[in-house]
Amino acid sequence: MQETNLVRFFEELSATSTNAERIQVLERIQIELLGVTSIAQYEQIYQHVPWSQVFQLLRTNDNDEVQRLLCAIMESFISNLSIEQIMINFYPLLNTGLDSQTNLSQRAKIFCLKALDKLARCSKIESYPLNESLFQSTHINALLHLFLDSDQQTLWLKSKEILEQLARTVCRIESQQTFETYLREHYFHESNRRILLSSNERNEIVKLRLYEYLIDLCLIDARIYKHITEEQHLLDKFLSDCTQNDADLLYLMNCLELLTNLTQKSHTLTYLQNQTNVIDHFLRLLLTTNDDNPLYELIKPGFIKFFGCYIRNYLALLQNNSIDSQTNQLLERFLPFLFDILLQSDPSAFIIIGLDTIGFIGKTSNGKRYMLSKPKFADFIEKLIQMIRSAQSDVR
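This text gives an overview of the structure that appears in the document. Just so it is clear, the model here is predicted, and its values are computed rather than measured.

Looking at the overall build of the protein chain
For step 1, the next point in the chain: Looking only at helices and strands, the protein chain features 23 helices and zero strands.
For step 2, the next point in the chain: Rg of the C-alpha trace for the protein chain: 27 Å, well past the compact-globule value of 21 Å for 396 residues, more than 25% over.
For step 3, the next point in the chain: With the C-alpha coordinates of the protein chain rotated into their principal frame, the extents come out at 85 × 50 × 40 Å.
For step 4, the next point in the chain: In the protein chain, the share of contacts with a sequence separation of at least 24, taken over all contacts with a separation of at least 6, comes to 69%.
For step 5, the next point in the chain: When the accessible surface of the protein chain is summed, it comes to about 19,000 Å², and 49% of that surface belongs to carbon and sulfur atoms.
For step 6, the next point in the chain: Charge centroids of the protein chain, computed over 38 positive and 48 negative side chains, lie 4 Å from each other.

This is the structure we're talking about:
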């Protein structure tokens, strides 16, 4: 009975002439769908829905209530249909739904993003050829534009999420040739590469959004990292910004946070090790004072966190044989600085972050071994005992 009613209501929707009538019919459809409790029922009903007329109404009717009801109804189907059924029936809408020329409403674009998100999360590799038809270079391009050009947080966050999820899904493809071809011809197509290299054209907030996305991609898979850094050189501008924006402390703090993320994986940590100009620049800023700008001291905790994560993850990877062993001069320069901070007679604003960092590095056996070999370590332990006895409760 429900199926018959729903088919009849969709037929009535096609015959409506005013928004009041459309809203009334759409509300009946939504109420009727509440009684549909199984995927099998949805699979029966969707075959009788005039989807082309529904999509046309979504494209041409700008009444917000009509849009809301249409998106809610379609979302019910998206949630209960298979990947194949979504591709077959929703392709005409999803294929161009995010294009700027289509001029879909924000509500309709959010619906398209939800549908694409489900497709991007498809775990069945056999569905990849189907999905590829909706994630070609033009679709990636539309997602990138929405991600970088939209000032609506819901839109750009969802676009970023889909782009990253798509990268994870593609990484599951067993054929290396198919994987490489997709990255080269679609994901990092020349038109998309131009967008990813457009940081100079964007304000600092969007620029950092772009850099964060590229770094997240690097962390997903070493092969994607290779495309970004070695083949496409998409992080070069970010690294340049890290060494040329010392006066803009807020921007520099954000860059430090992103660089800290690069310490998480062996391939990105190796990449950082090779950026000696960036490492040396930040270490120099940490070890020197800036009398011209007293606010500069505010950023030093960020430097301490970055170098602490860098060294700790380096030592952990070294312990697991996940990275080549090599003399790390940073250990010889950074840890003595930390000990000096903690051995100061006067309370320092950096004591808490310094203690956290020493503990973080000391979690690895290599970190413990290194600290025990330093003459200042015994003094540090003595100072630690004093602080436990007399320091403020948060330091204790």
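Having seen it, we continue.
Comments concerning empty space enclosed by the protein
In this approach the atoms are scanned with a rolling probe the size of a water molecule, which exposes any empty space left behind.
For step 1, the next point in the chain: Enumeration according to the criterion identifies two cavities of 30 Å³ or more in this entry.
For step 2, the next point in the chain: Forming the walls of the second largest cavity are L94, N95, T96, G97, L98, D99, L116, L134, H139, A142 and L143.
For step 3, the next point in the chain: A per-element tally of the lining of the second largest cavity places helix α9 (residues 137–149) first, with three residues.

Quick look at the pattern of salt bridges
For step 1, the next point in the chain: With the rule as written, the count across this model stands at 17 salt bridges.
For step 2, the next point in the chain: The partner of R68 in a salt bridge is E65, with the nearest N and O atoms 2.7 Å apart. In this pair, R68 and E65 both sit in helix α5 (residues 64–80), three residues apart, roughly one turn of the helix.
For step 3, the next point in the chain: Among the ionic pairs, R202 bridges to D149, the shortest N-O distance being 3.0 Å. With a gap of 53 residues between them, R202 in the loop between α12 (190–196) and α13 (204–220) and D149 in helix α9 connect regions that are remote in the sequence.
For step 4, the next point in the chain: For R202, a relative accessible area of 18% corresponds to the buried category.

Observations regarding the packing of helix α18 (residues 276–287) against helix α19 (residues 300–319)
For step 1, the next point in the chain: Across the interface, α18 lies against α19 with an axial gap of 10 Å and an inter-helix angle of 135°. Classified by the angle their axes make, α18 and α19 are oblique. Every pair of crossing elements has a handedness; the one defined by α18 and α19 is left-handed. Between α18 and α19, the residues in contact are I279, F282, L283, L285 and L286 and K300, F303, I304, F306, F307 and Y310, respectively.
For step 2, the next point in the chain: Taken together, the residues of the contact of α18 with α19 sort by class into 10 nonpolar, no polar and one charged.

Details of the side chain of K109
For step 1, the next point in the chain: You can see K109 is positioned in helix α7 (residues 106–120).
For step 2, the next point in the chain: Among buried charged residues, K109 stands out as having no salt bridge; its nearest opposite-charge side chain is D99, 8.8 Å away.
For step 3, the next point in the chain: The residues contacting K109, other than those within four sequence positions of it, are G97, L98, L104, L146 and L155.

Side note on helix α16 (residues 249–261)
For step 1, the next point in the chain: Taking 1.5 Å per residue, 13 residues should reach 18 Å; α16 reaches 19 Å between its end C-alpha atoms and fits that length.
For step 2, the next point in the chain: Buried within α16 we find L249, Y251, L252, C255, L256, L258, L259 and T260.
For step 3, the next point in the chain: Residues of α16 that are buried in the fold lie against α13, α15 (236–244), α17 (266–274), α18 and α19.

Remarks on the packing of aromatic side chains
For step 1, the next point in the chain: One pass over the structure, following the stated rule, counts 15 aromatic pairs.
For step 2, the next point in the chain: Plain terms: the ring middles of W51 and F55 are 6.0 Å apart, the flat faces sit at 25° to each other, and that makes the pair stacked. Placement of the pair is W51 and F55 together in helix α4 (residues 51–60), with a separation of four residues, close to one helical turn.
For step 3, the next point in the chain: Among the aromatic residues, those joined into a cluster by ring pairs are Y42, W51, F55, F77, F90 and F111.
For step 4, the next point in the chain: In this arrangement the basic side chain of R223 is found over the ring face of F179, its NZ or CZ atom lying 3.9 Å from the centre.
For step 5, the next point in the chain: Cation over ring: R312 sits above F360, and NZ or CZ is 4.9 Å from the ring centre.

Observations concerning the state of the cysteines
For step 1, the next point in the chain: Tallied over the full model, the rule gives zero disulfides.
For step 2, the next point in the chain: Left without a disulfide partner, C255 is nearest to the cysteine sulfur of C242, which lies 4.3 Å away.

Digging into the nonpolar core
For step 1, the next point in the chain: Counting 135 residues, the largest nonpolar core has F77, F90, Y187, F282 and F334 as its most contacted members.
For step 2, the next point in the chain: When residues of this core are assigned to their parent elements, the largest contribution, 10 residues, is made by α13.
For step 3, the next point in the chain: Aside from chain neighbours lying at most four places away, what touches F90 is W51, F55, M74, F77, I78, L81 and F111.

Some remarks on the packing of α19 against helix α21 (residues 351–361)
For step 1, the next point in the chain: Interhelical geometry of α19 versus α21 gives an angle of 5° and a closest axis separation of 9 Å. One way to sum up the angle between α19 and α21 is to call them roughly parallel. On α21, the residues that touch P301, I304, K305, G308, C309, I311, R312 and L315 of α19 are I353, T357, F360 and I361.
For step 2, the next point in the chain: Within the contact of α19 with α21, the residues separate by chemical class into eight nonpolar, two polar and two charged.

A look at unusual backbone geometry
For step 1, the next point in the chain: For N103, which is not a glycine, the phi torsion comes out positive at approximately 60°.
For step 2, the next point in the chain: Tracing the backbone through its elements, the reader meets N103 in the loop between α6 (83–94) and α7.
For step 3, the next point in the chain: Look at N103 and you get exposed, because its relative accessible area is 60%.
For step 4, the next point in the chain: With phi around 55°, H233 is a residue other than glycine that occupies positive phi space.
For step 5, the next point in the chain: You can see H233 is positioned in the loop between α14 (222–231) and α15.
For step 6, the next point in the chain: Since its relative accessible area comes to 39%, H233 is described here as partly exposed.

What counts as what
- Residues numbered from 1 in each chain as written.
- Predicted model: local features only at pLDDT ≥ 70, side-chain atom pairs only at ≥ 80, totals over all residues.
- Heavy atoms only, no water.
- Helix = DSSP H or I, 4+ residues; strand = E, 2+ residues; numbered from the N terminus.
- Rg over C-alpha atoms; globule rule 2.2 N^0.38 Å.
- Contact = heavy atoms within 4.5 Å.
- Areas by Shrake-Rupley, 256 points an atom, 1.4 Å probe, with all protein chains shown as cover.
- Lys, Arg positive; Asp, Glu negative; His and termini not counted.
- Charge placed at Lys NZ, Arg CZ, Asp CG, Glu CD.
- 1 Å grid on protein atoms, 1.4 Å probe; cavity = no way out; pocket = protein on both sides within 12 Å on 5 of 7 lines; lining within 4 Å.
- Points joined across faces, edges and corners; volume = space filled by probe spheres on them.
- Salt bridge = Lys/Arg side-chain N within 4 Å of Asp/Glu carboxyl O.
- Buried < 20%, exposed > 50% of the residue type's maximum accessible area, 1.4 Å probe, protein only.
- Axes fitted to C-alpha atoms, helices over the stretch in contact; angles between N-to-C directions.
- Parallel < 35°, antiparallel > 145°, perpendicular 65-115°, else oblique.
- Left-handed = near helix turned anticlockwise from the far one by under 90°.
- Nonpolar A, V, L, I, M, F, W, Y, C, P; charged D, E, K, R; others polar.
- Expected span 1.5 Å × (residues − 1).
- Phe/Tyr/Trp six-rings, centres within 6.5 Å; stacked < 30°, edge-to-face > 60°.
- Lys NZ or Arg CZ within 6 Å of the ring centre and 35° of its normal.
- Disulfide = S-S within 2.5 Å.
- Core = buried A, V, L, I, M, F, W, Y, C linked by side-chain atoms within 4.5 Å.

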